[in-house]
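Here's the letter readout for the chains.
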Amino acid sequence: MKVLKFGGTSVGTVESLANVKKIVDGLAEPAIVVVSALGGLTDRLILTARSASEGKNDFEEEMVKISERHRHIVESLVPDDRKEAVWGKVSALLKELGDIFKGLSLIRSLPDRTLDLVLSYGERMSSIIVAGILEDAEHHDSLGFMRTERWFNKDIADRKLTDRLIKEEFPLPLRRHCVTGGFISRDRDSGEITNLGRGGSDYTAALIAAALNANELEIWTDVDGFLTTDPRIVKDARIIPTMTFVESMELCSYGAKVIYPPTIYPVFHKNIPIRILNTFNPTAPGTFISESCEGDGRVRGVSVLGKTGVINIKGSLTSNFAELNTRAYNALSRNGVSVLLVGHPGENADFPIVVPENEVEKGLGLLESEFSQELREGDVETIAGDKEMSIVAVVGESIKKIVGLGARLVNTLWRNGIEVKAVSDGVSETTIAIVVRSADASRALTLIHEAAI
Ligand code: ADP
Ligand code: ASP
Ligand code: MG
C-alpha cells in the first residue's frame, strides 16, 4: 500500500486535477491520497483573515472568488451523479468560512486559534473535492485523527496518539482509495483546530505512511524531482536520481522547500522510501530517497535557509568553549529556541550560534541570564545578535572526508567579496554549513553550487 501526497500546485487547477485523477485512477491497488489546499489558497486565507480583522470588507469579494474557484473545479471534474452532494458539502464549508470572516470584521481581532480555524477550510474543501473526482474513493476527515500538542508556542504532532488514531481510521487492507486533507489537525487537549505548520501536508502523509507501514511515500509536486539546489535561484539545478534519508533531511532542514523537514523522520525510522514525482510529468523517474544509495562521499546538493540570525558570544581567550557551547545550547533549546547550528570559535574568541531570526531576541535574553556571572566577571565579554542571515548548506553522506572542501568553498566566497559570518562546527558528517548575510545568499548559493556539484 502506498501513500500519495499532492501539493497545492497539483490540486490548483482543473488541468492539474485531471492529472491527479489519471495518476490515482491508474493505480493497481487502493492507496491513501493526502492533498493540500488549492494552490495559493492558504496564503489568500491568511491575507483575507487579516484584512477582515482590520475591519475591511474586501473579504466579501474574496469569498466570491474562492467560491467560484471551487465551484468551477466541481463543475468541471466531479461526475454528474456526485456533483450535488460534493458541492453541498463544499458550499456548507464556504458558508461557515464567510461567517467567520464576517465575525472577524466585527470583533476586529485575529486570535491565533481563529486563524488556524480559517486555514483549515482549504484542506477540508480540497479533500472533499478530490475524493469526489476520483473514480472510486472515500473521504476521510483528517481532523478526526491528526492530533497536536503544545510545545512552547508551537503546535507539534502528538505522534503516539496520532499513530493510534490513524490505525483505527484506516483498517488494512484498504478496499478503496482514501482521500484526506494534509496539514490540519486538532489539539489533543482542547480539541481546537490546529495545523502542522506551513507546508505540513507532507508531514501528514509521512505520519500516515509510518503508522500503516506503507511500502512507499510518494510526494507529487511541480518539479521533476529533488534538485541539486533551488531552481528558483539557480537555473542549472539538476535532478538527483537517488539520495539517502539523511541527505534529504539535511537539505530540507536547511531550506530545500521540496519536502517539509519533519516529514522525513517518521518514514526514515520505518525505512519506508520516499519518491518525489512530478504531477505535470508523471512518467519522469523522479528522485528515490532511501536508506543508502550509490555515490556516497560526494556532494549531493546545496540548499539555503534564510530568515536566520546569529548570536555571537564573545568569550575570553581562556574560555572553555566546549562548556560555553553546551550551556548555551541547553539554555536555548530547553526554552524552545531552535539552535540551527553552532559555528567554530573564531580567532577573536567569539563563537556564533545560529537561530531563527524571530528567536534572536528571546535567545539573547536567555543567554544573558545563563552567562550573567561570566558577563559580570569578564569571562564572557559580550553577547550580541545580528539578523538577516542565511545558511548555505552543502550536503552529501561523508563529504567531510573530502579533504579541504570547506576551506575551498569559504575561499570561493571570500574571493568573490562575500563575507562568511560562521562555518559549522563539523558535528555533522553530512553537512558543511556556511552563514552569510541574506543580501549575499543567492550569489553565495550560485557560487557554491558551481564549485561543489
Ligand atoms: P507543493 O505545493 O507540491 O508542496 P512546494 O512549493 O512546497 O510544492 O515545493 C516544490 C517547490 O520547491 C518547487 O517548485 C521548487 O521551486 C522548490 N524547491 C526548492 N528547492 C528545491 C530542490 N532542491 N529541489 C526541488 N525543488 C525545490
Ligand atoms: N496548505 C498548506 C500550506 O500552504 C499546507 C501544504 O500545502 O502543505 O502551507
Ligand atoms: Mg510543499
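This text follows the structure it describes.
Residues numbered from 1 in each chain as written. Chains lettered and ligands numbered in written order. Predicted model: local features only at pLDDT ≥ 70, side-chain atom pairs only at ≥ 80, totals over all residues. Heavy atoms only, no water.

Caption draft 1: Main features of the site of ligand 1. Of all residues adjacent to ligand 1, which total 16 residues, the nearest are Lys5, Thr221, Asp222, Leu227 and Lys257. Here an oxygen atom of ligand 1 and a side-chain polar atom of Thr221 are 2.8 Å apart. In the environment of ligand 1, an oxygen atom lies 2.9 Å from a nitrogen or oxygen atom belonging to the side chain of Lys257. Contact with the protein chains hides 88% of the accessible area of ligand 1, taken as 570 Å² for the molecule alone. Looking at the shell around ligand 1 residue by residue, the class counts come to five nonpolar, six polar and five charged. (Near = heavy atom within 4 Å. Polar contact = N/O pair within 3.5 Å; in protein donor to acceptor, adjacent residues only side chain to side chain. Areas by Shrake-Rupley, 256 points an atom, 1.4 Å probe, with all protein chains shown as cover. Nonpolar A, V, L, I, M, F, W, Y, C, P; charged D, E, K, R; others polar.)

Caption draft 2: Highlighting the site of ligand 2. In the neighbourhood of ligand 2, the contacting residues comprise Ser36, Thr42, Glu123, Phe183, Arg198, Gly199, Gly200 and Ser201. Residue Arg198 places a side-chain N or O atom 2.7 Å away from an oxygen atom belonging to ligand 2. In the environment of ligand 2, an oxygen atom lies 2.8 Å from a nitrogen or oxygen atom belonging to the backbone of Gly199. Calculation on ligand 2 without its partners gives an accessible area of 260 Å², and the protein chains cover 86% of this total. Looking at the shell around ligand 2 residue by residue, the class counts come to one nonpolar, five polar and two charged.

Caption draft 3: How the structure looks around the environment of Ile133. Mapped onto the elements of the fold, Ile133 is located in helix 5 (residues 112–133). Spatially, the C-alpha atoms of Ile133 and Leu77 are 5.9 Å apart, while their sequence positions differ by 56 residues. With near-sequence residues (within four places) excluded, Ile133 lies in contact with Leu17, Lys21, Ile73, Leu77, Val78, Pro79 and Arg82. (Helix = DSSP H or I, 4+ residues; strand = E, 2+ residues; numbered from the N terminus. Contact = heavy atoms within 4.5 Å.)

Caption draft 4: Region of interest: the packing of aromatic side chains. Enumeration over the complete set of coordinates arrives at seven aromatic pairs. An angle of 85 degrees between the planes, with centres 4.9 Å apart, marks the rings of Trp151 and Phe152 as edge-to-face. On the accessibility criterion, Trp151 (36% relative accessible area) is partly exposed. Measuring from ring centre to ring centre gives 5.7 Å for Phe321 and Phe351, while their planes differ by 85 degrees; the resulting arrangement is edge-to-face. Here the residue Phe321 occupies a position in helix 10 (residues 321–333), and Phe351 occupies one in strand 15 (residues 350–356), the gap between them amounting to 30 residues. Phe351 carries the same exposure label as Phe321, and that label is buried. Looking at Arg124, its charged tip hangs above the ring of Tyr121, at a distance of 4.4 Å from the centre. (Phe/Tyr/Trp six-rings, centres within 6.5 Å; stacked < 30°, edge-to-face > 60°. Buried < 20%, exposed > 50% of the residue type's maximum accessible area, 1.4 Å probe, protein only. Lys NZ or Arg CZ within 6 Å of the ring centre and 35° of its normal.)

Caption draft 5: Layout of helix 7 (residues 201–211). The buried fraction of helix 7 amounts to eleven of the eleven residues, a majority that puts the element mostly inside the structure. Among the residues making up helix 7, those that are buried are Ser201, Asp202, Tyr203, Thr204, Ala205, Ala206, Leu207, Ile208, Ala209, Ala210 and Ala211. Looking at the residues trailing helix 7, positive phi occurs at Asn213, about 50 degrees.

Caption draft 6: Quick peek at the sheet that holds strand 10 (residues 242–244). Across the sheet, eight strands lie side by side as 3-6-2-1-9-11-12-10; this open sheet has mixed pairing. On the outer flanks of this sheet lie strand 3 (137–140) and strand 10, each paired with one strand and no other. For this sheet, the mean inter-axis angle between neighbouring strands, taken without regard to orientation, is 20 degrees. By the bridge criterion, three bridges tie strand 10 to strand 12 (residues 287–290) in an arrangement that is parallel. Residue Thr244 lies in a different strand from strand 12, and its bridge partner there is Ser290. (Pairing = 2+ DSSP bridges. Axes fitted to C-alpha atoms, helices over the stretch in contact; angles between N-to-C directions.)

Caption draft 7: How the structure looks around unusual backbone geometry. Of note, the bond from Leu172 into Pro173 is cis; its omega dihedral lies within 30 degrees of zero at -5 degrees. Positionally, Pro173 belongs in the loop between helix 6 (159–169) and strand 6 (177–181). Despite not being glycine, Arg108 has its phi angle at roughly 55 degrees, a positive value. Within the element layout of this structure, Arg108 appears in the loop between helix 4 (80–107) and helix 5. Taking the relative accessible area as the measure of exposure, Arg108 reaches 55% and is therefore exposed.

Caption draft 8: Structural detail: the nonpolar core. Core analysis: the biggest nonpolar cluster contains 54 residues, and Phe6 and Phe101 have the highest contact counts within it. Only strand 1 (2–6), helix 1 (14–25), strand 2 (32–35), helix 2 (41–53), helix 3 (59–77), helix 4 and helix 5 provide two or more residues apiece to this core. Top element by residues in this core is helix 5. It accounts for ten residues. When residues no more than four places from it in sequence are discounted, the contact partners of Phe6 are Val11, Val20, Ile23, Val24, Val33, Val34, Val35, Ser36, Trp220 and Thr279. Of all hydrophobic cores here, the second largest spans 52 residues; its members include Ile240, Ile272, Val354 and Met389. (Core = buried A, V, L, I, M, F, W, Y, C linked by side-chain atoms within 4.5 Å.)

Caption draft 9: Just the pairing of strand 4 (residues 147–151), in detail. Sheet topology places strand 4 next to strand 7 (residues 184–187); two bridges connect them, and they run parallel. Residue pairing for strand 7: Arg147 is matched across the bridge by Arg186. In this sheet, strand 5 (residues 154–157) lies alongside strand 4 in antiparallel orientation, the contact comprising four bridges. Of the residues in strand 5, the one forming a bridge with Arg150 is Asp155. Count of turn residues in the strand 4/strand 5 antiparallel hairpin: two residues, of which Phe152 carries a positive phi of about 50 degrees.

Caption draft 10: Region of the structure containing helix 1. Here helix 1 contains twelve residues, and its C-alpha end-to-end distance of 16 Å stays within 8% of the 16 Å for a straight helix at 1.5 Å per residue. By the burial criterion, the buried members of helix 1 are Val14, Ser16, Leu17, Val20, Ile23 and Val24. For helix 1, the secondary structure elements touched by its buried residues are strand 1, strand 2, helix 3, helix 5, strand 6 and strand 9 (216–221). (Expected span 1.5 Å × (residues − 1).)

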